[in-house]
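# Commentary on secondary and tertiary structure
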Amino acid sequence: MRKSYIMPGFKPTLGFTLVYLCLIVLIPLSTLFFKSMELSAEDFFNIITHKRVVASFRVSFTTALVAASIASIFGFIIAWTFVRYSFPGKRLLDALIDLPFALPTAVAGIVLATIYQPNGLIGQWLMQGFGVQVAYKPLGIVVALIFISLPFVVRTVEPVLQEFDSSMEEAAASLGASRLQVFVKIIFPNIFPALLTGFALAFARGIGEYGSVIFIAGNLPYVSEIVPLMIVTRLEQYDIPGATAIALTMLLISFVMLLVINLLQLWVRKRSGQL
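All values derive from a computational prediction rather than experimental measurement.

Cut-offs and rules
Residues numbered from 1 in each chain as written. Predicted model: local features only at pLDDT ≥ 70, side-chain atom pairs only at ≥ 80, totals over all residues. Heavy atoms only, no water. Helix = DSSP H or I, 4+ residues; strand = E, 2+ residues; numbered from the N terminus. Buried < 20%, exposed > 50% of the residue type's maximum accessible area, 1.4 Å probe, protein only. Contact = heavy atoms within 4.5 Å. Areas by Shrake-Rupley, 256 points an atom, 1.4 Å probe, with all protein chains shown as cover. Lys, Arg positive; Asp, Glu negative; His and termini not counted. Charge placed at Lys NZ, Arg CZ, Asp CG, Glu CD. Axes fitted to C-alpha atoms, helices over the stretch in contact; angles between N-to-C directions. Parallel < 35°, antiparallel > 145°, perpendicular 65-115°, else oblique. Nonpolar A, V, L, I, M, F, W, Y, C, P; charged D, E, K, R; others polar. Salt bridge = Lys/Arg side-chain N within 4 Å of Asp/Glu carboxyl O. Polar contact = N/O pair within 3.5 Å; in protein donor to acceptor, adjacent residues only side chain to side chain. Phe/Tyr/Trp six-rings, centres within 6.5 Å; stacked < 30°, edge-to-face > 60°. pLDDT = per-residue confidence, 0-100. Left-handed = near helix turned anticlockwise from the far one by under 90°.

### As for the overall build of the protein
The helix and strand inventory of the protein stands at 13 helices and zero strands. Helices and strands in the protein line up, N terminus first, as α-α-α-α-α-α-α-α-α-α-α-α-α. Each principal axis of the C-alpha atoms in the protein carries an extent, and together these give about 75 × 65 × 30 Å. By the burial criterion, 36% of the 275 residues in the protein qualify as buried. A separation of at least 24 residues holds for 74% of the contacts in the protein among residues at least 6 apart in sequence. Total accessible area on the protein stands at roughly 16400 Å², and carbon and sulfur atoms take up 70% of it. Looking at charge distribution, the protein has the averaged site of its 19 positive side-chain charges lying 6 Å from that of its 14 negative ones.

### Considering the packing of helix H3 (residues 51–84) against helix H12 (residues 227–236)
Axis separation between H3 and H12 bottoms out at 8 Å; the angle between their running directions is 140 degrees. If you check the angle between H3 and H12, you find them oblique. Each of Arg-52, Val-53, Ser-56, Phe-57 and Ser-60 in H3 lies in contact with H12, whose residues at this interface are Val-227, Pro-228, Met-230 and Arg-234. Its residues assigned to classes, the contact of H3 with H12 shows five nonpolar, two polar and two charged.

### A few points about the environment of Val-213
Assignment of secondary structure puts Val-213 in the loop between helix H10 (179–207) and helix H11 (214–217). For Val-213, a relative accessible area of 1% translates into the label buried. Each C-alpha atom of the pair Val-213 and Gln-162 lies 33 Å from the other, and the pair is 51 residues apart in sequence. Contacts of Val-213, omitting those with residues within four sequence positions, involve Ile-141, Ala-144, Leu-145 and Ile-226.

### Details of the pattern of salt bridges
Taken as a whole and assessed by the stated rule, the structure comprises six salt bridges. The salt bridge partner of Glu-225 is Arg-52, with a shortest N-O separation of 2.7 Å. Here Arg-52 lies in helix H3 and Glu-225 lies in the loop between H11 and H12, a separation of 173 residues in the sequence. What makes Glu-225 buried here is its relative accessible area of 2%. Note on Arg-52: relative accessible area 29%, which makes it partly exposed.

### Some details on the side chain of Thr-156
Relative to the elements of secondary structure, Thr-156 occurs in helix H8 (residues 138–163). Exposure remark for Thr-156: the relative accessible area of 19% places this residue in the buried category. Not counting residues within four places of it along the chain, the set of residues in contact with Thr-156 comprises Ala-194, Thr-197, Gly-198 and Leu-201.

### Observations concerning H12
Among the residues of H12, Val-227, Pro-228, Leu-229, Met-230, Ile-231 and Arg-234 are the ones counted as buried. Two residues or fewer past H12, Tyr-238 is found with a positive phi of approximately 60 degrees.

### A few points about the environment of Ser-69
Tracing the backbone shows Ser-69 in helix H3. Ser-69 sits 49 residues away from Pro-118 along the chain, and the two C-alpha atoms are 26 Å apart. A distance of 2.8 Å separates the side chain of Ser-69 from the backbone oxygen of Leu-65, its partner in a polar contact.

### Some points on the packing of aromatic side chains
The tally for this structure, following the rule as stated, stands at 11 aromatic pairs. Ring plane angle 15 degrees and centroid distance 6.1 Å describe the contact between Phe-57 and Phe-61, whose orientation is recorded as stacked. Within this pair, Phe-57 and its partner Phe-61 are both found in helix H3, separated by four residues, close to a single helical turn. For Phe-61, a relative accessible area of 12% corresponds to the buried category.

### What about the confidence of the model for the protein?
Chain-level pLDDT for the protein is 85 on average; 95% of the residues reach the 70-or-more range. Of all secondary-structure elements in the protein, the lowest mean pLDDT belongs to helix H9 (residues 166–174), at 78, while H3 reaches the highest, 92.

### So, the packing of H3 against H8
In contact at an axis separation of 6 Å, H3 and H8 are set at 40 degrees when each is read in the N-to-C sense. With respect to their mutual orientation, H3 and H8 come out oblique. For the element pair H3 and H8, the recorded crossing hand is right-handed. Partitioned by chemical class, the residues of the contact of H3 with H8 number 23 nonpolar, five polar and one charged.

### Section: the environment of Asn-46
Of note, Asn-46 is situated in helix H2 (residues 41–48). A C-alpha to C-alpha distance of 18 Å links Asn-46 and Pro-228, two positions 182 residues apart in sequence.

This is the structure:
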């Protein structure tokens, strides 16, 4: 007998999924490979090892890594606060967390550049009080990336905290464990895979971010120039093969880093007994 499915329409939905993946994901990505093949191996190597290109890779990946790390810490604290405590204005603050999802990134970049520039509302205070310049520096890129990546961490960790069984905390406390021991031994190991997922999402978003960064970065070569801007610059110069070579290199590096993060997440889940 033919195998029956509880939900009908398996073949049409599978076909739609495959068509969607081909049109939106596979075909555009394969174009990068075909366009890059127009270059010889020597030309490809010369493009991606150019000092300015290498500097842009260093800026993009370093700032994305720092921003994702900071967003993971503060995202966890915010998610913990929303789940464990009740306070006036909680729903409003919870809704504001999703603001970067709806706000155009260019608008966010303009606002951040305005308030963090040396004569801005916050930038002026930081310059006068601490001698720290945020806008037009790599630090400004980190601030912009934290703003757009923080919701990914909060929305990833929050459901896990909501579903966490508090009876384990009570059992540990009844056995004499301190609050710190309960957190380190019981709570954190259970939410760490979700926190790692949020970090991966924040890191992936930060690597390819463009709109919120170009206004606050200053776009100084070798200092605060990001890879997406290098790609756009090549396209404006009608250097399509050069742009695709940089994009392909960025894609491969991002894929390897995300693969490592996902393997680490899988290892953590197996080690903690969640798989």
